[in-house]
Amino acid sequence: MKTYDLIIRRADIVTAADRFTGDIGIHQGRIAAIAERLDPALAEKTIDAAGRMVTPGGVDAHCHLDQPSADGSVGSDDFLTGTRSAACGGTTTVIPFAMQFKGQSLDDAVADYHRRADGKACIDYAFHLIISDAAPEVVNEQLPRMVASGYSSFKIYMTYDALKLRDRDILDVLDASRRLGALSMIHAENDDCISWLTERLLKQGKSAPRFHAVAHSATGEREATHRAISLAELVDVPILLVHVSSRSALEQIYWARGKGLNIFSETCPQYLFLTAEDLGIDDHFHGAKCICSPPPRDTDSQNAIWTGLANGTFSIFSSDHSPYNYDDPHGKKLHGDNASFDRVPNGIPGLETRLPLLMSEGVLSGRLTPQRFVELTATAPAKLYGLYPQKGTLSIGADADIVIWDTQSDKTIRHADLHSAADYTPYEGKALRAWPSITLARGKVVWADGTFYGQAGDGRFLPCAAPFPPAI
């Protein structure tokens, strides 16, 4: 009997802390050895990485798959198509959201989401909770039960009528997070600023997709970011600010860090590679393809986001994959192809392109070190959401979730080549220099040289440990 099921030879191994050349031995889905050289005769199979960069499989800690809605909209991807797309782009673990409707128990929300995922996922997955109803029984009885069962992160919205919580309710959830050692994630936009601007824009006849970026102003994001930080300071609890898009919001995070507050933050590809102009420079509905919240900003904010990624301000880099088909009466055209911007479902696809975009334009362009790339896309999200060291690292005992990169690629992003069920990509035509050549999930090749080999049901549900010590 062979010692290893697979050896990856001559790899340029990159972790969040190190970079070195060596071999990786895999046995029963886990990394069993890392050495300068392993005897290939000890393995059933070998892959010669030939000096190519090898990183941990990506952990995408913010994506939306088969998420129920209150308005009749239907997302493009279920757990099969979404996780297939993720694997083809080098992501081997996803954490989407079990959404609670107002009046619904968290138990029912989680049970429904398991029904949607069971037997479909091609890669491993965990769940965040979305809390839209912070009634006392939810906060005091259901949340402790959820955390004990492996659902240790909660998303809170400061906007959207169906989801938003009052500041008092946010304080209750933050207090529960502190007691339980869980992590609260906050969507920080000022709801009153959005509704006030939207009402005035529509009265002026300014209803095209491009006005979404006006209504969801950077000022409103800045105020809500400051308020979220202040609420966390009051409770004395860590929070994570999701999908930060603007320089002004980022400055609030700098301010909080300067005060010594434990504030984590996330950004996404759309804030590096899109601008408000991608929502349209005229009144054509085509700009609806890039409607998401917060919206892409200007080049000044793009530059600030790149700086925040490089200097450690951002904790993680996620896709916020939330795709709605453009040419679909249940998608972007839910209310017709001339709907006002406020009636267009929010979200864009990005699971498959997240890692190649950042590798190509971050690492290969010299903006980020390879180690920082690994930290942002794999190690830090695994740690923040209680999956480390099983996920997010190349170390003995970790799951053999591994990406072997082609960094000599001359690839153009085309929707026709991607594996999501979405009917477009906002990055159509963008030239890249990197793409995963091989993706392994728990030691199994799920993507290699343009072919997907994964299977529905191969993915396992991962309970998440609470990331922080509970308050006494």
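Cut-offs used in this document
Residues numbered from 1 in each chain as written. Predicted model: local features only at pLDDT ≥ 70, side-chain atom pairs only at ≥ 80, totals over all residues. Heavy atoms only, no water. UniProt positions renumbered as here; feature names shortened; annotations may be inferred. Helix = DSSP H or I, 4+ residues; strand = E, 2+ residues; numbered from the N terminus. Rg over C-alpha atoms; globule rule 2.2 N^0.38 Å. Buried < 20%, exposed > 50% of the residue type's maximum accessible area, 1.4 Å probe, protein only. Pairing = 2+ DSSP bridges. Contact = heavy atoms within 4.5 Å. Axes fitted to C-alpha atoms, helices over the stretch in contact; angles between N-to-C directions. Core = buried A, V, L, I, M, F, W, Y, C linked by side-chain atoms within 4.5 Å. 1 Å grid on protein atoms, 1.4 Å probe; cavity = no way out; pocket = protein on both sides within 12 Å on 5 of 7 lines; lining within 4 Å. Points joined across faces, edges and corners; volume = space filled by probe spheres on them. Nonpolar A, V, L, I, M, F, W, Y, C, P; charged D, E, K, R; others polar.

- The name given to the protein chain in an unreviewed UniProt entry is D-hydantoinase, with Affinibrenneria salicis as the source organism.
- Recorded under Sequence similarities (unreviewed entry), the UniProt text for the protein chain is reproduced unchanged: "Belongs to the metallo-dependent hydrolases superfamily. Hydantoinase/dihydropyrimidinase family."
- Taken from UniProt, the Function (unreviewed entry) comment for the protein chain reads in full: "Catalyzes the stereospecific hydrolysis of the cyclic amide bond of D-hydantoin derivatives."

1. Quick look at the overall build of the protein chain
Part 1: When you go through the protein chain residue by residue, the secondary structure sums to 12 helices and 21 strands.
Part 2: Relative to its length of 472 residues, the protein chain is compact, with a C-alpha radius of gyration of 21 Å against a globular reference of 23 Å.
Part 3: Taken along the three principal axes of its C-alpha coordinates, the protein chain extends 75 × 55 × 45 Å.
Part 4: In the protein chain, buried positions account for 60% of the 472 residues.

2. Concerning the sheet that holds strand β8 (residues 97-99)
Part 1: The sheet built from seven strands is open, its strands ordered β8-β10-β11-β12-β13-β14-β15 with parallel pairing. Looking at the sheet topology across the chains shown, the edges are occupied by β8 and β15 (316-317).
Part 2: Where strand β13 (residues 239-241) meets strand β14 (residues 263-267), three bridges bridge the pair, whose relative direction is parallel. Bridging across to β14, L240 finds its partner in F264.
Part 3: Against the sheet, helix α8 (residues 247-258) makes contact with β13 and β14, and its axis sits at roughly 155 degrees relative to β14, the strand it touches most.

3. Some words on the nonpolar core
Part 1: L129, L174, I186, I239, L241 and L309 are the most contacted members of the largest nonpolar core, which totals 105 residues.
Part 2: Residue contributions to this core peak at six residues, all from helix α7 (residues 218-235).
Part 3: Once residues within four sequence positions are removed from consideration, I186 is found in contact with I156, M158, L174, A228, I239, L240, L241 and V242.
Part 4: With 23 residues, the next largest nonpolar core counts M99, I130, V242 and C464 among its residues.

4. Brief notes about empty space enclosed by the protein
Part 1: For the coordinates displayed, the defined rule picks out two cavities of 30 Å³ or more.
Part 2: Lining the largest cavity are 14 residues; nearest its centre among them are P349, G350, L418, S420 and T425.
Part 3: A breakdown of the residues in the lining of the largest cavity according to their chemical character gives six nonpolar, seven polar and one charged.
Part 4: Looking at the second largest cavity, its volume works out to about 50 Å³.

5. Section: unusual backbone geometry
Part 1: Here the amide bond leading from S293 into P294 is cis, since omega sits at -5 degrees, within 30 degrees of zero.
Part 2: You can see P294 is positioned in the loop between α9 (270-273) and α10 (299-311).
Part 3: In this chain, Y388 is followed by P389 through a cis amide linkage whose omega measures 5 degrees.
Part 4: Its identity as a non-glycine residue notwithstanding, R10 has a phi of 55 degrees, on the positive side.
Part 5: Positionally, R10 belongs in strand β1 (residues 4-14).

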